[in-house]
Amino acid sequence: LVSELENILRRVIGESIEFTTQLDPDVHNVLADPSQLEQVLLNLALNSKDAIETSGTISIETANAPQHEDVANLQDDFLQTPHVVIAVSDSGCGMDSETQARMFEPFFTTKEKGKGTGLGLSTVHGIVKQSGGHIRVDSKPGQGTVIRIYLPAVSQAIEEIAEASAIESHAGSETILVVEDESDVRKIVCQLLADNGYKVLEAPGPDEALTIFRQNCGHIDLLLTDVIMPVMNGRELYEQIALLDPGIRIL
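Residues numbered from 1 in each chain as written. Predicted model: local features only at pLDDT ≥ 70, side-chain atom pairs only at ≥ 80, totals over all residues. Heavy atoms only, no water.

### Thoughts on the overall build of the protein
Applicable threshold: The helix and strand labels rest on DSSP assignments: H or I over at least four residues marks a helix, E over at least two residues marks a strand, and numbering proceeds from the N terminus. Under the scheme applied here, a residue whose accessible area is under 20% of the maximum for its type counts as buried, over 50% as exposed, and between as partly exposed, the area being computed with a 1.4 Å probe on protein chains only. Should any heavy atoms of two residues lie within 4.5 Å, those residues are counted as being in contact. The accessible surface values rely on the Shrake-Rupley method and a 1.4 Å probe; as for residues, cover is taken only from the protein chains in view.
Within the protein, the regular secondary structure consists of eight helices and ten strands. Taking all 251 residues of the protein together, 38% fall into the buried category. For the protein, long-range pairs separated by at least 24 residues make up 69% of all intrachain contacts whose partners lie at least 6 apart in sequence. Surface exposure of the protein reaches about 14,500 Å², of which carbon and sulfur atoms provide 49%.

### Observations concerning the sheet that holds strand 10 (residues 249-250)
Selection criterion: DSSP calls a pair of strands paired once it identifies at least 2 bridges connecting them. Whenever a helix is involved, its axis is fitted only over the stretch in contact; in every case the axis is a line through C-alpha atoms, and angles between N-to-C directions fall within 0 to 180 degrees.
Here we have four strands laid out as an open sheet, ordered 8-7-9-10, and parallel in their pairing. Because the sheet does not close on itself, it has two edges, and the strands there are strand 8 (199-203) and strand 10. Bridge analysis of strand 9 (residues 222-225) against strand 10 gives two bridges, and the strand direction is parallel. What sits directly across from Leu223, in strand 10, is Ile250. Against the sheet, helix 8 (residues 234-244) engages strand 7 (175-179), strand 9 and strand 10, with an angle of about 160 degrees to strand 9.

### Some points on the confidence of the model for the protein
Rule in force here: pLDDT expresses, on a scale from 0 to 100, how confident the predictor is about each individual residue.
With 87% of its residues at a pLDDT of 70 or more, the protein shows a mean pLDDT of 86. Here helix 5 (residues 164-168) stands out as the element of the protein with the lowest mean pLDDT, 49, in contrast to strand 7, whose mean of 97 is the highest. Scored below 50 in pLDDT, residues 69-74 shows four contacts in the model against residues more than four places distant or in partner chains. Predicted confidence is poor over residues 162-167, with pLDDT under 50, and the contacts of this stretch with residues over four places away or in other chains come to one contact.

### A closer look at the packing of helix 1 (residues 2-13) against helix 2 (residues 34-51)
The following threshold applies: Each angle is binned into one of four classes, with values under 35 degrees roughly parallel, values over 145 roughly antiparallel, values of 65 to 115 roughly perpendicular, and all other values oblique. Crossing handedness is read from the near helix: turned anticlockwise from the far helix by less than a right angle, it gives a left-handed crossing, and turned clockwise, a right-handed one. Three categories are distinguished: nonpolar for Ala, Val, Leu, Ile, Met, Phe, Trp, Tyr, Cys and Pro, charged for Asp, Glu, Lys and Arg, and polar for the others, with Gly belonging to the last.
Contact geometry for helix 1 and helix 2: axes closest at 11 Å, N-to-C directions at 30 degrees. The pairing of helix 1 with helix 2 is recorded here as roughly parallel in orientation. Seen along the crossing, helix 1 lies across helix 2 with a hand that is right-handed. Mapping the contact onto sequence places Val2, Leu5, Ile8, Leu9, Val12 and Ile13 in helix 1 and Glu38, Leu41, Leu42, Ala45, Leu46 and Lys49 in helix 2. Tallied by class, residues from the contact of helix 1 with helix 2 come to ten nonpolar, no polar and two charged.

### What to know about the pairing of strand 5 (residues 134-139)
Where strand 5 lies against strand 6 (residues 145-154), six bridges are found, and the strand directions are antiparallel. Note on strand 6: the bridge partner recorded for Ser139 is Thr145. Connecting the antiparallel pair strand 5 and strand 6 is a turn made up of five residues, with Gly142 showing a positive phi of about 80 degrees.

### As for the nonpolar core
Rules: Here, nonpolar core refers to any group of buried Ala, Val, Leu, Ile, Met, Phe, Trp, Tyr and Cys residues whose side-chain atoms link them within 4.5 Å.
Ranked by internal contacts, the top residues of the largest apolar core, which has 32 residues, are Leu9, Leu44, Ile60 and Ile149. Counting residues per element, the ones that place at least two in this core are helix 1, strand 1 (17-23), helix 2, strand 3 (56-64), strand 4 (83-90), helix 4 (120-130) and strand 6. Per-element tally for this core: the top contributor is helix 2, with seven residues. Each residue touching Leu9, except ones within four places of it in the same chain, is listed here: Phe19, Leu41, Leu42, Ala45 and Ile60. Membership of the second largest hydrophobic core comes to 15 residues, among which are Leu201, Phe213, Leu237 and Ile248.

### Focus on the pattern of salt bridges
For clarity, the threshold we go by: A carboxyl oxygen of Asp or Glu within 4 Å of a side-chain nitrogen of Lys or Arg is what we treat as a salt bridge.
Scanning the entire structure with this criterion turns up five salt bridges. Glu6 is paired through a salt bridge with Arg10; the nearest N and O atoms lie 2.8 Å apart. Pair noted here: Glu6 and Arg10 are both in helix 1, with a separation of four residues, about one helical turn. Assessed through its relative accessible area of 16%, Glu6 is described here as buried. Judged by relative accessible area, Arg10 falls into the partly exposed class, the value being 37%. For Asp195, the salt bridge identified is with Arg11, shortest N-O distance 3.9 Å. Here the residue Asp195 occupies a position in helix 6 (residues 183-195), and Arg11 occupies one in helix 1, the gap between them amounting to 184 residues.

### Some thoughts on the environment of Phe19
Of note, Phe19 is situated in strand 1. A sequence separation of 41 residues divides Phe19 from Ile60, and the C-alpha atoms of the two residues are 8.2 Å apart. With residues near it in sequence (within four places) discarded, Phe19 still touches Glu6, Leu9, Arg10, Ile13, Ile58 and Ile60.

As structure tokens, this is what we get:
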């Protein structure tokens, strides 16, 4: 999964940051939703990118976690059973203990107003807990951050996914207007949609979205919008656009 996501992560992280992976080929299987784990990795990578001012490093490692006999992990009782660890490391600004204590709270953010919703890491926390896993954070101001995701190892084989041809048959050709004020998130969404055949129009906010919609009224098949944005929220934006095209579909 990390390998498949690597190209998207490299585009999102940008050329000024060195991105590396170290993936254990003999890592155990885990029982988790692949799309949710992609959300975890994307959110952690974006968080690491934001912690780096100009240039730096981000790495993702996978390995079988050392079990309870490892003295360094005696405080983690869950390591009495086999786990897989996914570690996301960065050379960013790091966090003090107060920030670490609140980092997974919904809507908590240290970013300036309009730069983040504070939902990324709470989403990570929810997905990991739902998957039966644990999170450990190692960070100090000025010394970067390592976030380790521990997921229980399972013995059963990987379930086969639908054939590639069946997936390709679902590719679209419609036009989608994407409205998202966080540029990195917008970039990911637009890239994924374009890769699947859609024509994508993108707007960084509600005002720009209304202008684009007026210019393309009757030719947009779906409005895909963030909810929490400056000026007006996603629902209010939909209500304005519905005045121009009452039949517009919205996600």
